[in-house]
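# Residue-level structural notes
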Amino acid sequence: MMQIEVKEPGTGVLLLLDAKSENYQGKHGMRIRYPKGASFFIIAQSEVWQSADHQHVAPRFLINIGMAIEGRKLAEQLVDQSNN
C-alpha cells in the first residue's frame, strides 16, 4: 500500500489517500481509500484510469489520482482555472 497526494480538481484541496494494488472481479487495479474509510476501485484501460466498481468518480479526479500513482509531480495535477 502507498499513500498518494491528490488535488481535488474543483477546489485544489490536497487529499492524502491510500492506494493498494487489488484484483476485483477478475480485473487488476488499485483500491483507493479516503481517510475516513470509503473506497473505490480503479483500473487503467488504454492508459486512462476508470472507476471499475460502479462508484462515480469525476474524470478529472481520476486523472489526478493516476498522476499520483505514476509518481508524477504534484504541480502537474489538474485544478480548475476558475478557482486560481
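Below is a short write-up of the structure. All figures in this text were calculated on a predicted structure; none of them were measured in a lab. All residue numbers here refer to positions counted from 1 along the written sequence of the relevant chain. Per-residue local features of the predicted model are confined to residues with pLDDT of at least 70, and side-chain atom pairs are confined, for both listing and counting, to 80 or more; whole-chain, interface and lining totals are unaffected and use all residues. Note that water and hydrogens are dropped before the side-chain values are worked out from all heavy atoms of the structure.

Before going further, it helps to examine the overall build of the protein. From N to C terminus, the protein includes one helix and five strands. Ordered by position from N to C terminus, the α and β elements of the protein give β-β-β-β-β-α. Relative to a compact globule of 84 residues, whose C-alpha radius of gyration would be 12 Å, the protein shows 12 Å and is just as compact. The principal-axis extents of the C-alpha atoms in the protein amount to approximately 40 × 30 × 25 Å. Counting every position in the protein, which comprises 84 residues, the buried fraction comes to 33%. Any two residues having at least one pair of non-hydrogen atoms within 4.5 Å are treated as being in contact. Considering only residue pairs separated by 6 or more positions, the protein has 30% of its internal contacts joining residues 24 or more positions apart. On the protein, roughly 5,400 Å² of surface is accessible, and the fraction owed to carbon and sulfur atoms is 51%. His is not counted here, nor are the chain ends, while Lys and Arg score as positive and Asp and Glu score as negative. Positions of charges follow a simple convention, taking NZ of Lys, CZ of Arg, CG of Asp or CD of Glu. Each charge class in the protein can be summarised by its mean position, and for the 9 positive and 9 negative side chains these summaries are 3 Å apart. The way it works is that DSSP assigns letters per residue, a run of H or I at least four long becomes a helix, a run of E at least two long becomes a strand, and they are numbered from the N terminus. For the radius of gyration, the atom set is restricted to C-alpha positions; the globular benchmark scales as 2.2 Å times the number of residues to the power 0.38. Relative accessibility thresholds used throughout: buried, under 20% of the residue-type maximum; exposed, over 50%; partly exposed, between the two (1.4 Å probe, protein chains only). Where accessible areas are quoted, they stem from the Shrake-Rupley method and a 1.4 Å probe; at the residue level, only the protein chains shown are allowed to cover.

Salt bridge, as used here: a side-chain nitrogen of Lys or Arg that lies within 4 Å of a carboxyl oxygen of Asp or Glu. Evaluated as defined, the whole model comprises five salt bridges. A salt bridge links Arg60 to Asp80; the nearest nitrogen and oxygen atoms lie 3.1 Å apart. Residue Arg60 is located in helix H1 (residues 59–69), and its partner Asp80 is located in the segment after H1; the two are separated by 20 residues in the primary sequence. Overall, Arg60 belongs to the partly exposed group, its relative accessible area being 36%. When salt bridges with common partners are traced through the structure, they connect Glu22, Arg31 and Asp53 into a single cluster.

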